[in-house]
Amino acid sequence: MLGTGESGAETGMQRVELAPGLIWWPGYLDRAAQEALLAEIEAALALAPLFTPRMPRTGQPFSVRMSNFGPLGWVSDAAGYRYQGFHPETRAPWPPLPASLAAAWRALSGQEALPEAGLINWYAPDAHMGLHQDRDEQDFTAPVLSLSLGDTALFRYGGTERRAPTRSIRLASGDALLLSGESRLAFHGVDRILPGTSTLLSEPGRFNLTLRRVTPP
Ligand code: MD3
Ligand code: FE
């Protein structure tokens, strides 16, 4: 996060529009902000442990493990993909969205209403996420905001049709990515994690946080 009185212009922050509505801020969070956010994630995971989502119908496990912050969390099991207000194993409500994440959302999303869901994805070094669209939300007009912590990910994005050509970027620790406008329904995924590319975490791997509106405000 930026300190008081700072702005992107003054700190030389880069804002890169990768495609219409797909905006990347490399190094948005400085090292101190990354450490503070990591502590918030660790505190949340002590209450809402990582679970293994499963594919609808087949029950095939994802390689990415997940938890959530906020009033609604994304879960997936044999019954389907959905948002729900409680952890699938403990049945406890999700931990509240930390103020630092609300601040990043306010700074970058252009939205009045706060996100309802803060999905925590954990990638061990061998985890990946296949090309997909995010369409389990009722509101596609609001953007999705992603923040990365830990090892760099090879992130791939394409168009709104699966067969459209794709491009890849490396998402590093502290990077922010906003998926808005016509990129909100773009196909995207994580091909692989590059272990040993960050010193933030005490083990190899990567956290990604995605902040979302689920319902229209
Ligand atoms: C582009 N997560 O949780 S974040 C997901 O790195 C997800 O964990 C990836 O895809 C990760 O659904 C990518 C960047 C991201 C998130 C949502 C998007 C890119 C997106 C929605 C629309 C288009
Ligand atoms: Fe996604």
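Residues numbered from 1 in each chain as written. Chains lettered and ligands numbered in written order. Predicted model: local features only at pLDDT ≥ 70, side-chain atom pairs only at ≥ 80, totals over all residues. Heavy atoms only, no water.

1. Remarks on the sheet that holds strand E8 (residues 144-150)
As a general point, the strands of a sheet are linked pairwise by backbone hydrogen bonds and lie either parallel or antiparallel.
Piece 1. An order of E1-E2-E11-E8-E13-E6-E3 is seen for the seven strands of this open sheet, with the pairing classed as antiparallel. Sheet topology places strand E1 (16-19) and strand E3 (65-69) at the edges, where each strand pairs with a single neighbour. Direction aside, the axes of adjacent strands within the sheet are offset by 20° on average.
Piece 2. Looking at chain direction, E8 and strand E13 (residues 206-212) are connected through six bridges and run antiparallel. Across the sheet, Ser146 pairs through a bridge with Thr210, a residue of E13.
Piece 3. Across the sheet, helix H3 (residues 99-109) touches strand E2 (22-25), E3, E8, strand E11 (176-179) and E13, and the angle it forms with E8 is around 125°. (Pairing = 2+ DSSP bridges. Helix = DSSP H or I, 4+ residues; strand = E, 2+ residues; numbered from the N terminus. Axes fitted to C-alpha atoms, helices over the stretch in contact; angles between N-to-C directions. Contact = heavy atoms within 4.5 Å.)

2. Looking at the site of ligand 1
Piece 1. Near ligand 1 there are 20 residues, and of these Asn121, Tyr123, Arg184, His188 and Arg206 occur at the shortest range.
Piece 2. Note that an oxygen atom of ligand 1 is positioned 3.2 Å from one of the side-chain N or O atoms of His132.
Piece 3. With respect to ligand 1, the side chain of Arg206 contributes an N or O atom lying 2.9 Å from an oxygen atom.
Piece 4. In isolation ligand 1 has 490 Å² of accessible area, and contact with the protein removes 97% of it.
Piece 5. Among the detected pockets, ligand 1 sits in the largest pocket.
Piece 6. Taken together, the elements giving at least two residues each to the shell around ligand 1 come down to strand E6 (117-123), strand E7 (129-132), E8, E11, strand E12 (188-194) and E13.
Piece 7. Ranked by residue count, the leading element in the shell around ligand 1 is E13, at four residues. (Near = heavy atom within 4 Å. Polar contact = N/O pair within 3.5 Å; in protein donor to acceptor, adjacent residues only side chain to side chain. Areas by Shrake-Rupley, 256 points an atom, 1.4 Å probe, with all protein chains shown as cover. 1 Å grid on protein atoms, 1.4 Å probe; cavity = no way out; pocket = protein on both sides within 12 Å on 5 of 7 lines; lining within 4 Å. Sits in = over half its atoms within 2 Å of the grid points.)

3. Quick word on the side chain of Arg184
Piece 1. Relative to the helices and strands, Arg184 is located in the loop between E11 and E12.
Piece 2. Classification of Arg184 by relative accessible area gives buried; the value is 4%.
Piece 3. A distance of 2.8 Å separates polar atoms of two side chains, one belonging to Arg184 and the other to Glu137.
Piece 4. Leave out the neighbours within four places in its chain, and Arg184 touches Asp134, Glu137, Asp139, Phe140, Ala142, Pro143, Val144 and Leu179. (Buried < 20%, exposed > 50% of the residue type's maximum accessible area, 1.4 Å probe, protein only.)

Keep in mind these numbers describe shape, not what the thing actually does.
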